[in-house]
Amino acid sequence: MTDLTTLPFHLQLLVREYGHSTYQLIQGLAAIEDVAERTKRAAQIVQLMLRLQPALRELPEVQTRLWNHLHAMAGEEVALEAPVPLRSLTVRTEKPTRVPYPRQAPKLRAYGAAVEALIAKAITIEDAAEREQATVQIGRTMKFLYRQHNKENAKDVTILRHLGELSGGQLKLDPAVVETENLFEMPAGTVRPHAFIVPQPQQREGRDRREGRDNREGRGGFGNKGGKKRKKGRQEPQQPPQ
C-alpha cells in the first residue's frame, strides 16, 4: 500500500476522495502498453469514480473534472486519448510567481494610493479648464475620504494644502472661490439613496400581531363592546329565577 505522506498534497486529497483502491487501479494503467486499451480501462475507472462520488453528478462538466482527476493520479507520462481536454500537471506542481507587494506606503493614509494615481493623471491634462475640473473632482473625493478616515469634517484649506503636497504644487485652486462656491461639497440636489432593508417574514408577522393586539385593546378586546375592562377573578354562578 502506498504511503500517502510521500505523495504531493493535491494527490493526497484525490486519494482520500476516491479511495486507495481506486488509486491503485489508476496506477495500473501505466502497465497497459496499448493507448486505446488503456483509455478504455480509464473510462471504466471514471465511471467507478462517479459511483463513489454521486454528488459530483450535480456539478457542471463532471466528465472533465473526473478525467482530469484521473490524469493527475496517473501522471503526466501516462498517455490517454480522453474525450475531454486534459490540463497540464505542471500547474499543480510549480509554485506560482510571487505577486509584487507595494513597498512604499501612501504619503497621506487618509486618501490612499488611488487618489495619488488620480492626481498623477490630472497633472498630465493639458487643457486648463479640464484640468481645473478634474482638480475639483479630486478635491471632493479627498474631502469625502478625510471624513471617513478621521470621523470629522475637513476645512477646504486643509484639502487644498494636502492637494498641493500630493501634486507637488502643480494642482492649484483659488481658496476664496472654493469656499464661496462650495466646490468641494456635493452638488445641490444630490441625494444619496438610503439602504432598503426588506423586513424578514418573522419580523413582519410579529409586527402585525402586535399591531392587531394594540387595535383590539383600543376597542376593548373581542366581545367587549364599549371598551370596558372585565374584572378578573372568579364570578359566582347566577341563580335561576324563582
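For every chain, the first residue of the written sequence is number 1, and numbering continues from 1 onward in sequence order. Reporting in this predicted model follows two pLDDT cut-offs: at least 70 for local features of residues, and 80 or more for side-chain atom pairs to be given and counted; totals over whole chains, interfaces and linings ignore these cut-offs and use all residues. The side-chain figures draw on all heavy atoms in the structure; neither hydrogens nor water molecules are used.

Section: the overall build of the protein
Line of reasoning, step 1. A run of H or I in DSSP becomes a helix once it reaches four residues, and a run of E becomes a strand once it reaches two; helices and strands are each numbered from the N terminus. Across its full length, the protein holds ten helices and zero strands.
Line of reasoning, step 2. Out of the 242 residues belonging to the protein, those deemed buried represent 28%.
Line of reasoning, step 3. For the protein, the accessible area works out to roughly 18,700 Å², and carbon and sulfur atoms hold 52% of it. For every residue, the accessible area (1.4 Å probe, protein chains only) is compared with the maximum for its type, and the residue is labelled buried under 20%, exposed over 50%, or partly exposed between those bounds. In short, Shrake-Rupley with a 1.4 Å probe defines the accessible areas, and a residue's cover is counted only from the protein chains shown.

Re a nonpolar patch on the surface
Line of reasoning, step 1. Each patch is built from residues lacking any salt bridge and having more than 30% relative accessible area; the joining distance is 9 Å for like charges and 5 Å for nonpolar side chains (Val, Leu, Ile, Met, Phe, Trp, Tyr). Think of a salt bridge as a Lys or Arg side-chain nitrogen and an Asp or Glu carboxyl oxygen that are within 4 Å of each other. On the surface, Leu 25, Leu 48 and Leu 52 cluster together into a nonpolar patch covering about 230 Å² of accessible area.
Line of reasoning, step 2. Mapped onto the elements, Leu 48 comes out in helix H3 (residues 35-52).

Details of the packing of helix H7 (residues 128-150) against helix H8 (residues 156-167)
Line of reasoning, step 1. Running from N to C, H7 and H8 point in directions that differ by 115 degrees, and their axes come no closer than 10 Å. Put simply, H7 runs roughly perpendicular to H8. Taken as a pair, H7 and H8 cross one another with a handedness that is right-handed. Facing Thr 135, Ile 138, Gly 139, Met 142, Lys 143 and Tyr 146 of H7, the residues of H8 in contact are Asp 156, Ile 159, His 162, Leu 163 and Leu 166.
Line of reasoning, step 2. Partitioning the contact of H7 with H8 into residue classes produces six nonpolar, three polar and two charged. For helices, the axis comes from a line fit to the C-alpha atoms of the stretch in contact; other axes are also lines fit to C-alpha atoms, and the angle between any two N-to-C directions lies between 0 and 180 degrees. These descriptions rest on fixed angle ranges, namely under 35 degrees for roughly parallel, over 145 for roughly antiparallel, 65 to 115 for roughly perpendicular, and the rest for oblique. In this scheme, a crossing is called left-handed if the near helix is turned counterclockwise away from the far one by less than a right angle; it is called right-handed if the turn is clockwise. Contacts were defined at the residue level, with two residues in contact if any of their heavy atoms lie within 4.5 Å. All residues other than Ala, Val, Leu, Ile, Met, Phe, Trp, Tyr, Cys, Pro, Asp, Glu, Lys and Arg, Gly among them, are scored as polar; the first ten of these are nonpolar and the last four charged.

Description of the confidence of the model for the protein
Line of reasoning, step 1. Residue-level confidence of the predictor is what pLDDT reports, using numbers from 0 through 100. The predicted model of the protein averages 78 in pLDDT, with 73% of residues at 70 or higher.
Line of reasoning, step 2. Segment residues 193-199 is flagged for pLDDT under 50; beyond a separation of four residues in sequence, or across chains, it makes two contacts in the model.

Notes on the nonpolar core
Nonpolar side chains in soluble globular proteins tend to end up buried together.
Line of reasoning, step 1. In terms of nonpolar packing, the biggest core is built from 26 residues, with Tyr 18, Ile 26, Leu 29, Met 49, Leu 66, Leu 70 and Met 73 touching the most fellow members.
Line of reasoning, step 2. Those elements that place two or more of their residues in this core are helix H1 (9-18), helix H2 (20-27), H3 and helix H4 (62-74).
Line of reasoning, step 3. No other element matches the seven residues that H4 contributes to this core.
Line of reasoning, step 4. Ignoring sequence-local partners within four residues, the contact set of Met 73 consists of Leu 11, Leu 14, Val 15, Tyr 18, Tyr 23, Ile 26, Gln 27 and Met 49.
Line of reasoning, step 5. With 21 residues, the next largest nonpolar core counts Val 115, Val 136, Tyr 146 and Leu 173 among its residues. In this description, a nonpolar core means a group of buried Ala, Val, Leu, Ile, Met, Phe, Trp, Tyr and Cys residues linked to one another through side-chain atoms lying within 4.5 Å.

A look at the pattern of salt bridges
Pairing of side chains with opposite charge becomes possible as their charged atoms draw close.
Line of reasoning, step 1. Tallied over the entire structure, the rule returns three salt bridges.
Line of reasoning, step 2. Residue Lys 143 pairs with Asp 156 through a salt bridge whose shortest N-O separation is 2.9 Å. With a gap of 13 residues between them, Lys 143 in helix H7 and Asp 156 in helix H8 connect regions that are remote in the sequence. The same class applies to Lys 143 as to Asp 156, namely buried.

Concerning the environment of Glu 165
Line of reasoning, step 1. Residue position: Glu 165 is located in helix H8.
Line of reasoning, step 2. In the structure, Glu 165 is positioned 58 residues away from Lys 107 in sequence and 9.0 Å away in space, judged by C-alpha atoms.

Some details on H2
Helical geometry: 3.6 residues make up each α-helical turn, so side chains three or four residues apart lie on a common side.
Line of reasoning, step 1. Within the span of H2, buried status applies to His 20, Thr 22, Tyr 23 and Ile 26. For H2, the angular spread of the buried residues around the axis is 155 degrees, confining them to a single face.
Line of reasoning, step 2. Where H2 is buried, its residues meet H1, H3 and H4. In this context, the arc is that of the directions from the helix axis out to the C-beta atoms.

Let's talk about a negative patch on the surface
Line of reasoning, step 1. Charge counting follows a simple rule: Lys and Arg are positive, Asp and Glu are negative, and His as well as the terminal groups are ignored. Think of each charge as sitting on NZ of Lys, CZ of Arg, CG of Asp or CD of Glu. On the surface, Glu 33, Asp 34, Glu 37 and Glu 81 cluster together to form a negatively charged patch.
Line of reasoning, step 2. Here Glu 81 lies in the loop between H4 and helix H5 (90-93).

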